[in-house]
Amino acid sequence: MTQIKTIALKEFKDYFISPIAYIVISLFLIVTGWFFFSTFFLYGRADLRDFFALLPITFSFFIPAVTMRMFAEEKNVGSYESLLTMPVSFTHIALGKFFAASAFAAAMLVPTLSYPLFISFIGSLDPGPVIGGYLGAILLGGAYCSIGLFASALTRNQIIAFIIGCAICFTLTIIDRMLFFVPERLVPVVEYLGANAHFTNISKGIIDSRDLIYFASVIFIFIFSTDIAMKEKN
Amino acid sequence: MIDVQNLTKYYGDFCAVDNISLTVEPGKILGLLGPNGAGKTTTLRMLTGFYTPTSGTIRINELKMPEHTLEIKSMIGYLPESAPLYHNMLVYDYLDYVARLKGMDNPERRLSRFKELGRLCGLSGIMARPIGNLSKGLRQRVGLAHALMSDPDILILDEPTSGLDPNQIAEIRDIIKGIGREKTIIFSTHILSEAEATCDRIAIINKGKKVADDSTEHLKQNARHRSVVRLTLLNAEITAALTHLKAFDPGLDITVTDTPASEGISFELCCKEDKDIRQDLYLSIKKTDWIVTELVRQPLALEEIFHELTREGA
């Protein structure tokens, strides 16, 4: 456990030592803020529905950008070797990096808390969907982080890691809008695979165990695959 | 105690390490010698658990890989080739990170260890500098501090002196010798004098195969048995001198070396058997009117053995 904590802390601090954190957080704020507020005053509704509706798409580009360096950079610089020869297991490393990335995804969301704060001043905001939305956002962020980590563990090239990560996240995001390509029998299966529907449920304020299990399984499957990818490469 | 039996590693079809067995007794230093690409780094990486061997067994202090990989890793201090480190971290932060990962949870113990290592590896002045700004030699020292952090029983150093200036090489060598009294050390190098000066035992590998494995003393003695005699003659003519030497001992291996004409003709005579030919040689030359200006017996350096062993099949 201490190893996981040490690795997670180090990786999390790493974001803030380099300019990555500040650039990514600012860009994220600009993009989400722009799309959200461009229509906010037209509709005149005191809720965050549009903000959360866009989140799966923005996350599928931002999160792989955050996680792409986690393994690829270490392999490229060679510090991967020092790390693996210390008394830590593959699972410690994968989990440590996963928690660091998820914490960073959560940190990206912190400045957006000013939106509900601001809206609650100008209108009556229903707190349920907002709390649900942030909970869902953290689960979604965690799931995409595990995907990004897996992509990073596959290669020593950060750009390839980013593209693979984006591709998987984006597929999970839009797959439930592509249902008309799918044979009728498979529709419920593919529908369940899409991240968007599960996230939308939670962000409406409905906490259903099926959605929680979905995110937990995505996280588990991709951390497990990361573990396997690391073992296979040696 | 390091015990390696029949270690083999394939990268696809390429055999990087072919059936190597090594043992290092506690408190001994083993030098792993070999030309570039011989398989030194691959061997060491398997010992540290970074690579999984294709076949063969590794036992370290009676614990076997891969069942006890975590325990083994905590007993080993490893300095990878060219000491790769996190460039954006400060030296102190990096050492702190390493210490925590190696299970040193007590902050006071960490601090006292940093001070010790700072003195031992000469890091005291650079603790607050980012690793990316350090020179190669300083980075190598941070890497060494990393390897020594938990005071491990076993040290595995991959070319610890590569890329350093002569002073730094001497310093690192002293550190290795100093800690080698109580630890088991394997280090790889392609500098022979270094292995000769620091190791108790030398293993030479070439193209993934072990071609020699003996104590340094033994290897040197073997070398000494096969000696070279340097002879310089004034007033002599090459062809006449060569015929004379051939007549003296047909088994001699004679090479004429380049010397300025004013200093006469120089020969290097390599004798196949273990005997000193100087006396007989002098007596036989005495009969002619040539003047002997040089007659020295030079022991074959370790280098010659290395050349011979690693050139075969090249």
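Here is what the cut-offs are and how they apply
- Residues numbered from 1 in each chain as written.
- Chains lettered and ligands numbered in written order.
- Predicted model: local features only at pLDDT ≥ 70, side-chain atom pairs only at ≥ 80, totals over all residues.
- Helix = DSSP H or I, 4+ residues; strand = E, 2+ residues; numbered from the N terminus.
- Rg over C-alpha atoms; globule rule 2.2 N^0.38 Å.
- Contact = placed C-beta atoms within 7 Å.
- Buried ≥ 20, exposed ≤ 12 C-beta atoms within 10 Å, placed from the backbone.
- Nonpolar A, V, L, I, M, F, W, Y, C, P; charged D, E, K, R; others polar.
- Pairing = 2+ DSSP bridges.
- Axes fitted to C-alpha atoms, helices over the stretch in contact; angles between N-to-C directions.
- Domains from an automatic or database assignment.
- Core = buried A, V, L, I, M, F, W, Y, C linked by C-beta atoms within 7 Å.
- pLDDT = per-residue confidence, 0-100.

Draft legend 1. Fine view of the overall build of chain A. For chain A, the helix and strand inventory stands at 12 helices and 0 strands. Beginning at the N terminus, the succession of helices and strands in chain A can be written as α-α-α-α-α-α-α-α-α-α-α-α. For chain A, the C-alpha radius of gyration of 18 Å lies close to 17 Å, the compact-globule estimate for 234 residues. Its C-alpha atoms give chain A principal-axis dimensions of about 55 × 45 × 30 Å. Considering only contacts in chain A between residues 6 or more positions apart, those separated by 24 or more positions represent 79%.

Draft legend 2. Main features of the overall build of chain B. Of regular secondary structure, chain B possesses 11 helices and 14 strands. Against the compact-globule benchmark of 20 Å for 314 residues, chain B has a radius of gyration of 25 Å, which places it well outside the compact range. Burial status across chain B gives 36% buried among its 314 residues. Sequence separation of at least 24 residues holds for 69% of the intrachain contacts in chain B that already meet a minimum separation of 6.

Draft legend 3. Layout of the interface of chain A and chain B. Counting residues at the interface gives 19 residues for chain A, matched by 21 residues for chain B. Among the secondary structure elements, those contributing two or more residues to the side of chain A that touches chain B are helix H1 (2–17) and helix H5 (79–84) of chain A. The element contributing the most residues to the side of chain A that touches chain B is H1(A), with 6 residues. Classifying every residue of the side of chain A that touches chain B by side-chain character gives 6 nonpolar, 10 polar and 3 charged.

Draft legend 4. Structural context of the sheet that holds strand S13 (residues 265–270) of chain B. Residue and element names in this part refer to chain B. The antiparallel open sheet is built from 4 strands, whose spatial order is S12-S13-S11-S14. Of all the strands in the sheet, the pair left with one neighbour each is strand S12 (253–257) and strand S14 (291–298). On average, adjacent strands in this sheet sit at an angle of 20° to one another, irrespective of strand direction. Pairing between strand S11 (residues 228–234) and S14: 7 bridges, direction antiparallel. Residue pairing across strands places Val 229 opposite Arg 297, the latter belonging to S14. Along the sheet face, helix H10 (residues 278–286) touches S11 and S14 and points at about 170° away from the line of S14.

Draft legend 5. How the structure looks around the pairing of strand S7 (residues 154–158) of chain B. Residues and elements named next belong to chain B. Most of S7 sits out of view: 5 of its 5 residues are buried. Alternating residues of S7 divide into Ile 154, Ile 156 and Asp 158 and Leu 155 and Leu 157, and every residue in both groups is buried. Two strands pair when backbone bridges link them, and strand S6 (residues 76–79) and S7 are joined in this way by 4 bridges, in the parallel orientation. Directly across from Ile 76, in S7, lies its bridge partner Ile 154.

Draft legend 6. Expanded view of helix H11 (residues 195–203) of chain A. Residue and element names in this part refer to chain A. By the burial criterion, the buried members of H11 are Ala 195, His 198, Phe 199, Thr 200, Ile 202 and Ser 203. Check the buried side of H11 and you find it contacts helix H3 (49–67), helix H8 (127–154), helix H9 (158–174) and helix H12 (209–232). Taken from the residues just after H11, Gly 205 is the one with a positive phi, measuring 100°.

Draft legend 7. Seen up close, the domain arrangement of chain B. Once the domains are mapped, chain B shows domain 1 (2–222) and domain 2 (228–298). A separation of 46 Å is found between the C-alpha centroids of domain 1 of chain B and domain 2 of chain B.

Draft legend 8. Expanded view of the nonpolar core. Counting 129 residues, the largest nonpolar core has Leu140(A) and Tyr94(B) as its most contacted members. Ranked by residues supplied to this core, first place goes to H8(A) with 14 residues. Beyond its immediate chain neighbours, meaning those up to four positions away, Leu140(A) contacts Leu55(A), Pro56(A), Phe59(A), Ala195(A), Phe199(A) and Phe215(A). Listed in part, the 6 residues of the second largest apolar core include Leu231(B), Ala236(B), Ala241(B) and Phe267(B).

Draft legend 9. Layout of the sheet that holds strand S2 (residues 14–24) of chain B. Residues and elements named next belong to chain B. Read from one edge to the other, the open sheet built from 4 strands follows the order S2-S1-S4-S5, with strand pairing classed as antiparallel. Strands with a single pairing partner mark the edges of an open sheet, and in this sheet they are S2 and strand S5 (63–64). Looking at chain direction, strand S4 (residues 55–60) and S5 are connected through 2 bridges and run antiparallel. Note on S5: the bridge partner recorded for Arg 59 is Lys 64. Its contacts with the sheet place helix H1 (residues 40–47) against strand S1 (2–11), S2 and S4, and it is angled at close to 120° to S1.

Draft legend 10. Highlighting the environment of His190(B). Within the secondary structure, His190(B) is located in the loop between strand S8 (184–189) and helix H7 (192–198). Separated by 154 residues in the primary sequence, His190(B) and Asn36(B) place their C-alpha atoms 7.6 Å from one another.

Draft legend 11. How the structure looks around the pairing of S11(B). Bridging between S11(B) and S13(B) involves 6 bridges; their strand directions are antiparallel. The residue of S13(B) that forms the bridge with Val229(B) is Leu269(B).

Draft legend 12. Quick look at unusual backbone geometry. Residue and element names in this part refer to chain B. For Asn 19, which is not a glycine, the phi torsion comes out positive at approximately 55°. Note that Asn 19 resides in strand S2. Given 14 C-beta atoms within a 10 Å radius, Asn 19 is considered partly exposed. Here the phi dihedral of Asp 151 falls at roughly 55°; this positive angle occurs in a residue that is not glycine. Counting through the fold element by element, Asp 151 comes out in the loop between helix H5 (136–148) and S7.

Draft legend 13. Expanded view of the confidence of the model for chain B. Mean pLDDT over chain B stands at 83; residues scoring 70 or higher make up 94%. Across chain B, the secondary-structure element scoring lowest on mean pLDDT is helix H11 (residues 302–311) of chain B, at 70, and the one scoring highest is helix H3 (residues 91–101) of chain B, at 91.

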